[in-house]
Amino acid sequence: MALAVTGFAAAGARRQQGSPAAPTTGAFDDAPLASVTPVDQLPANPKRIDPSLYKYDDLSKPVTIEFLTTHYGFPNSTPDPIAEYLNKKYNVNITMTTIAGADWETTLSTRFAAGDYPDTIIIGGYNALIQQLYDSGLVLDATTVMRYMPNFAQYFTGNFANYIRYKNAYPGAPRYPIQGDWGNFVRKDWLAKLNIQMPKTLDELLTYARRVTNEDPDGNGKKDTWFAGGAGNGTSFGMLGGLRAYFGDAQYNVKNGKINHMVVDGSQKNYLAFLKTLNDEGLLAPDWYTVDWESFKAYSLNGRVGFVNYPVWELLQEQQIAMGLDQKPADTSWDVWTPLPPLGSGFAQPASGPSYTFVFPSTLKNDPVKLKRIAHILDNSLYRGEDYYETIQGGGDQVFGRDVFFVQENPDGSSFFSVDYKTHPAWTGELDTTGLLNASWQNIGLAGPPYRLGYMQGNDYFNTTHANYASEMGAYKKWPNNFLVQIDPTVAADIDEFEKVEFPKFVFGNRNLNDWDRFVQEWLNAGGRKALAQAAGQMGVANFE
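Quick caveat: nothing in here was measured; it's all calculated off a predicted structure.

A. Representation of helix H2 (residues 81-90) in the model. The element H2 is extensively covered by neighbouring structure, given that seven of its ten residues are classed as buried. Those residues of H2 lying buried are Pro81, Ile82, Ala83, Tyr85, Leu86, Asn87 and Tyr90. Check the buried side of H2 and you find it contacts strand E2 (92-99), helix H14 (368-380), helix H15 (388-391) and helix H16 (397-400). The opening residue of H2, the one whose side-chain oxygen lies 3.0 Å from the backbone nitrogen of isoleucine 82, is aspartate 80. Backbone geometry just downstream of H2 places asparagine 91 in the positive-phi region, at approximately 55°.

Here's what the structure looks like:
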């Protein structure tokens, strides 16, 4: 982070000294929106946008564009069929540059310091980093671009505006959640095999974890099953974070009229103690902490773990593929798991907040033609846009010139979709066999419920299972999503780095949990005290001290 701050500051200085002249007056007077006005809530019935509103974009002028985002295990293909489709439609030459999620600070600091600006950054989270870029003068107030995105405007809620607003500006444009139906799942076939009930307490959960690890629930005579894994790629507890909500509210919250945090009230200690028990007893897959998400599917899809934290439709879809395309999914495998109240919680993790944010380098304002082309492409790639189903899930019918995707759009603004795995090149082996090649395009537009509904043609069981699970999960009590609390970016970064280093020490036995009181003081000194004071002020409650 120190490297990033230094690089941003240096780049900002160079940009200010050698920047091109300001755009001519009137260059942005043709926007379809006079201003950016947040809506009260996400639309119940999102609308298609009149194509004439994009007449601001002069498609006769060729443009070269680089999008910078993260990938899903490996970079995009060359050539990239989605980029080729968009190139022809919009008279552009698009490069989708993808990096590993852990490389954001290093990549951006290096590129900005060298004056090598991507044209749009599509980044998940990292508000502190976005704010540093803005403070250094390296990114635009995204209002200029958002005025050219009437489709985006119907999803830009007041909460999302408050989430991204910084110094009375919008240093990025946050889009709707990528998935809104994450939940915890256990193997109901293993429950039946072991003759035990769905865990309803922390003790019962631990019993389940021990038995699925030690009693050969898959019946192959080998000791090759475990309770769970993390899939956090060595930077977080990953899927096991789905258990954290059972111990307390993982965000800044109010307790007894004062600001609170899981570190301060001890619920984080209890959570880490539970993870330590799982680790000490060998109840987690051997590489549970270091394995990445995609590699972890070797465990989850091959019947080696008894718990996952996953978006429901993707879990059912992947299970169906693993079992064979003509077999029912999930009826012999995963079951949604009601939130546990082991310590008085009984709450599920918060509903999704904003996912990816579009961030625009300040140099873009000096190229109105490129700025408007980017706005046009992004807006049409959001849900209800012309190219939504061409840019998500590996590309659609127009991208490949044949039927690879089933889509049924409904009058209420929702739609059913299904990939034809027998014809789609991202699954047949023509391009890939995982469906993840070129998946970085979904960072632009992929949406979850309530709009985009999973659907399997001819598989009523799949569709009914998905609808029932999603309905059950939607009814759970959830911790509130306090994403509106905005901690100073430097303070937030300091706390994040401190926690990434120190939390695993307690799980792996490098620190003693009896040392928790001293750790709390360390956490407070590492930025926690400042963060709590800021959160208290923003939430209008008393400080904890």
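B. Examining the pattern of salt bridges more closely. Tallying each qualifying case throughout the model produces 28 salt bridges. With a shortest N-O distance of 3.1 Å, lysine 89 and aspartate 387 are connected by a salt bridge. Taken together, the residues span a long stretch of sequence, with lysine 89 in helix H2 and aspartate 387 in the loop between H14 and H15 at a distance of 298 residues. The shortest N-O distance in the salt bridge between arginine 529 and glutamate 545 comes to 3.4 Å. Within this pair, whereas arginine 529 is found in helix H21 (residues 516-539), its partner glutamate 545 is found in the segment after H21, the two being separated by 16 residues in sequence. You can call arginine 529 partly exposed: its relative accessible area is 28%. What makes glutamate 545 exposed here is its relative accessible area of 60%. Salt bridges sharing common partners tie together Glu502, Lys505, Arg511, Asp515, Arg518 and Glu522.

C. Representation of the side chain of serine 77 in the model. Considering the arrangement of structural elements, one finds serine 77 in the loop between strand E1 (63-70) and H2. With relative accessibility at 15%, the residue serine 77 sits in the buried group. Polar side-chain contacts of serine 77 include one of 2.9 Å to the backbone oxygen of proline 79.

Criteria and thresholds
- Residues numbered from 1 in each chain as written.
- Predicted model: local features only at pLDDT ≥ 70, side-chain atom pairs only at ≥ 80, totals over all residues.
- Heavy atoms only, no water.
- Buried < 20%, exposed > 50% of the residue type's maximum accessible area, 1.4 Å probe, protein only.
- Helix = DSSP H or I, 4+ residues; strand = E, 2+ residues; numbered from the N terminus.
- Contact = heavy atoms within 4.5 Å.
- Polar contact = N/O pair within 3.5 Å; in protein donor to acceptor, adjacent residues only side chain to side chain.
- Salt bridge = Lys/Arg side-chain N within 4 Å of Asp/Glu carboxyl O.

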